[in-house]
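# Per-entry structural report
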Amino acid sequence: MLKEKRLLLKHVLSYEPVDIQKYIDQGGYSAFKNILNAPKEEILTIIDKSGLKGRGGAGFPTGYKTKATSDSAFQCLKYVVCNADEGEPGTYKDRVLMEQNPHQLIEGMLIAAKAIGSMWGYIYVRGEYYESIEKIKLAIKQAEENNLIGHNILGSDFSFKLELMLGAGSYLCGEELTLLESIEGKRGYPRIKPPFPAEKGLWQQPTLINNVETLSNLPVIFNLGIDEYLKLGTVNSHGTKLVCLSGDIKYPGTYELEMGCTLRDIIYDIGGGIHDDNPLKAVLIGGAAGTFANESQLDLQLDYTELKNNGLTLGSGALIIISEESSITKTLSSIFDFFRHESCGKCVPCRIGTHHICELWKEVEHENKETKIKVLEQLKTMAEEIAISSLCPLGQSPILPIKSILANCSNLIE
């Protein structure tokens, strides 16, 4: 029977989330204090050896990104930015972390700042996350009062200023370069890359951008020690992962699970099985910008490499359960509507392409299965062209659900 492995969520509900003294009493900020006077090379080595991969969706190695920012040829002001603009449908794990353990996020940002030599950080929060915003504000204030943020922290020569920035509802601002534009006070349009943020990010300075879950993992890694952390998970995917269960599931919610468990275990042990005990039709992994898996793939592990090798993506960790009573056709309609609505319109392929995908699918919503599959093949070609020529990940997203539906679930289309 699969059970949770709580590291990030270890102290959730055990004390008031925004109580810095209780957090400290439970070992909070000890990881940061232990590396406060350590050389940055030592910190970078531990992050790199941990094998931690970005938990926001891309799964990019955190150690590589951190080292690249630290080693940037631009020896000037550097920034640490937390991407808390959680907008992927079916994903709400970062909200749980910010509302239930905000000091762990701040400690993670302090460790990241120390690793790259940064004196300034921003937490960019989705504007609709009202409770998260209030708790982050209070946690920052408490950290400042305890000299954990500010000048000469705890008597050291390390200083770090942290500010909260609010998003304004744009899904696209969850993309790191668009997020930077927003922080700078500009309209949320994507930048052309390269250059990447590690070289020229916020105000053209080297910038390390990670999401809430990724940064919250840093205190865990340093407290456990690298040897103990590497025992968790699989060879290719270490540690734990927050998973958001929603859709036709008995027990929806956010769960922390050790990497390597199977999709079947997550759905039936953790989630309690399908609502009303209906048969499973499919699972959408990773939200709208995710991939569809069928029942025969449920024994695949929660592992970045194994899922990728099977044409799937873990993404943000959202698992949207679709039962026999629900419609894949309608699910696809919602996904296509979402991408069309959220396209910023800056580049023509995405602006026009997402519109055409949406309209073509609406024309065949009530047609037979064979017609829908034929249209999906056309949409696949269109989506591939959009992905190649778009500036940002939004234009590169429709191909994921379309391609995986055709590969894994075409026989399940109503």
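Residues numbered from 1 in each chain as written. Predicted model: local features only at pLDDT ≥ 70, side-chain atom pairs only at ≥ 80, totals over all residues. Heavy atoms only, no water.

### Considerations on the side chain of serine 132
Our working rule: Segments assigned H or I by DSSP are reported as helices when at least four residues long, segments assigned E as strands when at least two residues long, and all are numbered from the N terminus. Using a 1.4 Å probe on the protein chains alone, a residue whose accessible area is under 20% of its type maximum counts as buried, one over 50% counts as exposed, and one in between counts as partly exposed. Any pair of N or O atoms that falls within 3.5 Å is considered a polar contact. Within protein, one atom must be able to donate a hydrogen and the other to accept it, and sequence-neighbouring residues count only if both atoms are side-chain atoms. Here a residue-residue contact requires only that any non-hydrogen atoms of the pair lie within 4.5 Å.
Residue position: serine 132 is located in helix 7 (residues 130–145). Residue serine 132 is classed as buried on the basis of its relative accessible area of 0%. There is a polar contact of 3.3 Å between the side chain of serine 132 and the side chain of glutamate 99. Setting aside its immediate chain neighbours within four residues, serine 132 contacts Arg95, Met98 and Glu99.

### A closer look at the pattern of salt bridges
The following threshold applies: Criterion for a salt bridge: a side-chain nitrogen of Lys or Arg within 4 Å of a carboxyl oxygen of Asp or Glu.
Enumeration over the complete set of coordinates arrives at 24 salt bridges. A salt bridge links glutamate 228 to lysine 231; the shortest N-O distance between them is 2.9 Å. Overall, the relative accessible area of 59% leaves lysine 231 in the exposed class. Through salt bridges with shared partners, a single ionic network connects Arg55, Lys93, Asp94, Glu213 and Lys241.

### So, the pairing of strand 5 (residues 240–247)
The cut-off we apply is this: By this definition, two strands are paired if DSSP reports at least two bridges between them.
The buried fraction of strand 5 is high, at seven of eight residues. Note that strand 5 and strand 6 (residues 253–258) share six bridges and pair antiparallel. Residue pairing for strand 6: leucine 245 is matched across the bridge by glycine 253. The turn linking strand 5 back onto strand 6 is made up of five residues. Relative to strand 9 (residues 318–323), strand 5 runs parallel, the two being bridged by four bridges. Across the sheet, residue leucine 245 finds its bridge partner in strand 9, namely leucine 319.

### Some words on the environment of cysteine 173
One can find cysteine 173 in the loop between strand 3 (161–166) and helix 8 (176–183). A C-alpha to C-alpha distance of 35 Å links cysteine 173 and lysine 231, two positions 58 residues apart in sequence. Setting aside its immediate chain neighbours within four residues, cysteine 173 contacts Asp85, Tyr124, Thr178, Leu179, Ser182 and Gly188.

### Digging into a negative patch on the surface
Quick reminder of the rule: To count toward a patch, a residue needs a relative accessible area over 30% and no salt bridge; like charges are then connected within 9 Å, while nonpolar side chains (Val, Leu, Ile, Met, Phe, Trp, Tyr) are connected within 5 Å. Calculation of accessible area relied on Shrake-Rupley with a 1.4 Å probe; when residues are assessed, cover is drawn exclusively from the protein chains displayed. The charge count treats Lys and Arg as positive and Asp and Glu as negative. His and the chain ends do not count. Charged side chains are reduced to one point each, which is NZ for Lys, CZ for Arg, CG for Asp and CD for Glu.
Where like charges cluster on the molecular surface, the negative patch consists of Asp276, Glu295, Glu324 and Glu325. Relative to the elements of secondary structure, glutamate 324 occurs in the loop between strand 9 and helix 13 (328–342).

### So, the sheet that holds strand 8 (residues 291–293)
Worth spelling out the cut-off: Axes, fitted as lines to C-alpha atoms, cover a helix only where it is in contact. Angles between the N-to-C directions of the axes lie from 0 to 180 degrees.
Strand order in the open sheet made by the five strands is 6-5-9-7-8, with mixed pairing throughout. With partners counted over all chains shown, the strands left at the sheet margins are strand 6 and strand 8, one partner each. Along the sheet, successive strands turn relative to each other by an average axial angle of 30°, direction set aside. Bridging between strand 7 (residues 280–285) and strand 8 involves three bridges; their strand directions are antiparallel. Bridged to valine 283 within strand 8 is alanine 293. Against the sheet, helix 16 (residues 399–409) contacts strand 7 and strand 8, and its axis sits at roughly 15° relative to strand 8.

### What to know about the environment of serine 327
The residue serine 327 is located in the loop between strand 9 and helix 13 in this model. Taking the C-alpha atoms as reference points, serine 327 and alanine 282, separated by 45 residues in sequence, lie 10.0 Å from one another. In this structure, serine 327 is in contact with Lys281 and Glu414, ignoring residues within four places of it in sequence. Of the polar contacts made by the side chain of serine 327, one reaches the backbone nitrogen of lysine 330; its length is 3.0 Å. Of the polar contacts made by the side chain of serine 327, one reaches the side chain of glutamate 414; its length is 3.3 Å.

### A word on the state of the cysteines
Convention followed: Count a disulfide wherever a pair of cysteine sulfur atoms falls within 2.5 Å.
Tallied over the entire structure, the rule returns zero disulfides. We note that cysteine 344 lacks a disulfide partner, and the nearest cysteine sulfur, in cysteine 392, lies 6.0 Å from it. Relative accessible area serves as the criterion here: at 7%, cysteine 392 is assigned to the buried category.

### Section: helix 9 (residues 212–224)
Let me state the cut-off plainly: For a helix, the expected span equals 1.5 Å multiplied by the number of residues minus one.
Compared with the 18 Å implied by 1.5 Å per residue over 13 residues, the 19 Å span of helix 9 between its first and last C-alpha is a close match. Buried residues dominate helix 9, accounting for 11 of its 13 residues. Looking only at helix 9, the buried set comprises Val212, Glu213, Thr214, Leu215, Ser216, Asn217, Leu218, Pro219, Val220, Ile221 and Phe222. The N-capping residue of helix 9, defined by a side-chain oxygen 3.3 Å from the backbone nitrogen of glutamate 213, is asparagine 211. Looking one or two residues past helix 9, glycine 225 carries a phi angle of roughly 95°, positive in sign.

### Considerations on the packing of aromatic side chains
Worth spelling out the cut-off: Pairing of aromatic rings covers Phe, Tyr and Trp, the last through its six-membered ring, and needs centres within 6.5 Å; plane angles under 30 degrees mean stacked, over 60 mean edge-to-face, and all others mean tilted.
Scanning all chains against the criterion turns up 10 aromatic pairs. Where phenylalanine 32 meets phenylalanine 158, the ring centres are 6.1 Å apart and the plane angle is 55°; that geometry is what we call tilted. With phenylalanine 32 in helix 2 (residues 30–35) and phenylalanine 158 in the loop between helix 7 and strand 3, the pair connects residues that are 126 residues apart, well separated along the chain. Of the two residues examined, phenylalanine 32 and phenylalanine 158, each falls in the buried class. Geometrically, the ring pair formed by tyrosine 79 and tryptophan 203 is tilted, given 5.8 Å between the ring centres and 55° between the ring planes.

### Observations regarding the confidence of the model for the protein
Spelled out, the test is: The quantity known as pLDDT measures the predictor's confidence residue by residue, on a range of 0 to 100.
Confidence in the prediction of the protein, expressed as mean pLDDT, is 94, and 99% of residues score 70 or more. Of all the helices and strands in the protein, helix 4 (residues 62–70) carries the lowest mean pLDDT, 93, while strand 1 (residues 79–84) carries the highest, 98.

### As for the packing of helix 3 (residues 40–50) against helix 4
The condition that has to hold: Angle categories: roughly parallel below 35 degrees, roughly antiparallel above 145, roughly perpendicular from 65 to 115, and oblique for all the rest. It is the rotation of the near helix from the far one that decides the hand of a crossing: anticlockwise by less than a right angle makes it left-handed, clockwise makes it right-handed. Gly falls in the polar group here, along with every residue not listed as nonpolar (Ala, Val, Leu, Ile, Met, Phe, Trp, Tyr, Cys, Pro) or charged (Asp, Glu, Lys, Arg).
Their axes nearest at 8 Å, the elements helix 3 and helix 4 cross at an angle of 155°. Between helix 3 and helix 4, the angle falls in the class roughly antiparallel. Relative to helix 4, helix 3 is oriented so that their crossing is left-handed. Contact with helix 3, carried on its side by Lys40, Leu44, Ile47 and Asp48, involves Thr62, Gly63, Tyr64, Thr66, Lys67 and Ser70 of helix 4 and no other residues of that element. When its residues are assigned to classes, the contact of helix 3 with helix 4 shows three nonpolar, four polar and three charged.

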